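For reference, the chains in residue letters:
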Amino acid sequence: MNPTTHFGFSEIPVHEKITRVRQVFDSVVDKYDLMNDLMSLGIHRLWKRYAIRRLRIRPGQQILDVAGGTGDLTRLMHPRLQGNGRIVVYDLNDNMLALGRSRLMDRGVVQGVEWIQGNAEELPFANNTFHIATIGFGIRNCTQIETAIREMVRVLKPGGEFLCLEFSKMAVTPLQPLYDAYSFKVLPELGNWVAKDRDSYQYLVESIRRFPDQQTFATLLQDNGLSGVRFHNLSGGIAAVHHGWKA
Ligand code: SAM
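Everything quoted here is computed from the prediction, not taken from an experiment.

Caption draft 1: Quick look at helix H1 (residues 17–28). Here H1 is 12 residues long and its end C-alpha atoms lie 17 Å apart, about the 16 Å a rise of 1.5 Å per residue gives. What H1 keeps buried is the set Lys17, Val21, Val24, Phe25 and Val28. One face of H1 carries all of its buried residues, which in axial projection span an arc of 85°. Buried residues along H1 sit against strand S1 (4–7), strand S2 (10–13), helix H2 (32–40), helix H5 (94–106) and helix H8 (198–210).

Caption draft 2: View of the packing of H2 against helix H3 (residues 43–53). Two elements in contact, H2 and H3, have axes whose closest approach is 7 Å; the angle formed by their N-to-C orientations is 95°. Considered as vectors, H2 and H3 are oriented roughly perpendicular to each other. Along its contact with H2, which presents Asn36, Asp37 and Ser40, the element H3 presents Ile43, His44, Arg45 and Lys48. In the contact of H2 with H3, the residues fall into 1 nonpolar, 3 polar and 3 charged.

Caption draft 3: Highlighting the site of the ligand. In the vicinity of the ligand, 20 residues are found, and the nearest of them are Ala67, Asp91, Asn119, Ala120 and Gly136. Contacts to the ligand include Tyr32, whose side-chain N or O atom sits 3.0 Å from an oxygen atom. Take Asp91: an N or O atom from its side chain is 2.6 Å from an oxygen atom of the ligand. For the ligand, whose accessible area on its own is 590 Å², the fraction buried by protein is 97%. Tallied by class, residues from the shell around the ligand come to 9 nonpolar, 8 polar and 3 charged.

Caption draft 4: Highlighting H2. Of all the positions in H2, only Tyr32, Met35, Asn36, Met39 and Ser40 are classed as buried. What you see down the axis of H2 is that its buried residues fit within an arc of 105°, all on one side.

Caption draft 5: View of empty space enclosed by the protein. Inspection of the entire model under this criterion finds 2 cavities of 30 Å³ or more. Of the voids in this model, the largest cavity is the one considered here, and its volume is about 70 Å³. Looking at the lining of the largest cavity, the elements with two or more residues in it are H3 and helix H4 (72–77). By residue number, the principal contributor to the lining of the largest cavity is H3, which donates 4 residues. Taken together, the residues of the lining of the largest cavity break down into 1 nonpolar, 1 polar and 5 charged. In this structure, the second largest cavity spans a volume of roughly 40 Å³. Every residue along the wall of the second largest cavity is listed here: His78, Leu81, Gly83, Asn84, Gly85, Gln111 and Gly112.

Caption draft 6: Local environment of the packing of aromatic side chains. A full pass over the atoms with the stated rule returns 8 aromatic pairs. Taken together, a centroid distance of 6.2 Å and an interplanar angle of 40° make the contact between Trp47 and Phe137 tilted. Note that Trp47 is positioned in helix H3 and Phe137 in the loop between strand S6 (130–136) and helix H6 (145–155), a separation of 90 residues in sequence. Classification of Trp47 as buried rests on a relative accessible area of 7%. Since its relative accessible area comes to 13%, Phe137 is described here as buried. Where Trp47 meets Phe167, the ring centres are 6.1 Å apart and the plane angle is 85°; that geometry is what we call edge-to-face.

Cut-offs applied
- Here the residue numbering is sequential within each chain, running from 1 through the sequence in written order.
- In keeping with the predicted nature of the model, local features appear solely for residues at pLDDT of at least 70, side-chain atom pairs appear and are counted solely at 80 or more, and the whole-chain, interface and lining totals rest on all residues.
- Calculation of side-chain values draws on the structure's entire complement of heavy atoms; hydrogens and water are dropped beforehand.
- Secondary structure counts use DSSP, requiring at least four H or I residues in a row for a helix and at least two E residues in a row for a strand, with both numbered from the N terminus.
- Multiply 1.5 Å by the residue count of a helix minus one, and that product is the helix's expected span.
- Burial status follows relative accessibility: with a 1.4 Å probe on protein chains alone, a residue under 20% of its type maximum counts as buried, one over 50% as exposed, and anything between as partly exposed.
- As used here, the arc belongs to the directions running from the helix axis to the C-beta atoms.
- Here, two residues are considered to be in contact whenever any of their heavy atoms come within 4.5 Å of each other.
- Every angle, taken between N-to-C directions, lies between 0 and 180 degrees, and every axis is a line fitted to C-alpha atoms, over only the stretch in contact when it is a helix.
- Small angles under 35 degrees read as roughly parallel and large ones over 145 as roughly antiparallel, with 65 to 115 read as roughly perpendicular and the rest as oblique.
- We call Asp, Glu, Lys and Arg charged. Ala, Val, Leu, Ile, Met, Phe, Trp, Tyr, Cys and Pro are nonpolar, and the rest, Gly among them, are polar.
- Being near a molecule or strand, for a residue, comes down to having at least one heavy atom within 4 Å of it.
- Pairs of N or O atoms are called polar contacts if they sit within 3.5 Å, as long as, within protein, a hydrogen donor faces a hydrogen acceptor (for residues adjacent in sequence, only side-chain-to-side-chain pairs).
- Using the Shrake-Rupley algorithm and a 1.4 Å probe, accessible areas are obtained, with residue cover drawn only from the displayed protein chains.
- Of the two site types, the cavity is a set of points on a 1 Å grid over the protein atoms alone where a 1.4 Å probe fits but cannot get out, and the pocket is an open set with protein on both sides within 12 Å along at least five of seven lines, each lined by residues with an atom within 4 Å of a point.
- Grid points are joined across faces, edges and corners, and a volume is the space filled by probe spheres set on the points.
- Aromatic rings from Phe, Tyr and Trp, with only the six-membered ring used for Trp, were paired whenever their centres fell within 6.5 Å, and each pair was classed as stacked if the ring planes differed by under 30 degrees, edge-to-face if by over 60, and tilted otherwise.

Right, here's the structure in full:
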């Protein structure tokens, strides 16, 4: 029997997931920024700033931004290298990389940034390469989350910093019905109306519900080579930032 995995609430053959995820981002790329702003009322920008402020970025460092497609995290990290260091933006989807590259070029963020296409579960970098590895709203889409974590840990230098920003589990119980209604009723309609793609936004909502909660994900990080793992809820747990260190 073919092994299966989840794609939102559907079960699909494991080998199909990466193609389906690539198709989602091919489909939404043109309206990606607009949809992020509409869906979160711009709050995703605050989450990203908060997450990046937690990092101890210093000039001269090597940084890996996994699933970094649009370059949002890279744009925030880049000034802190003060022109000395390197950020590799690594993403499965060529179109997301092209969008990010052109956006960052428009803002003059060019020097010290490399753009590489590939799967987070197979990083083409040597062990102990990077001082910092980040992943923003990407790990939820991976077929094997633990493989992606282990790969990021592998390429971090000992003592290197790991940071993941991801949707998580709403921690304010009275708001859950409102959040559910917004997620399952409003978001797919918004996706349909703005991006002409209901299914991709239905997948977004479902994939968020399938993703481990804050504590479970923190345990996965610890079990796969990170120490000092802490998480912080953002907007009542709609998103969370997990932070840890390679031992
Ligand atoms: N990090 C950016 C941000 O915060 O705006 C982009 C996030 S976007 C929601 C998710 C990105 O993850 C997409 O660009 C997608 O192509 C990428 N992605 C999904 N699965 C991936 C995988 N297995 N390996 C690498 N990138 C992946």
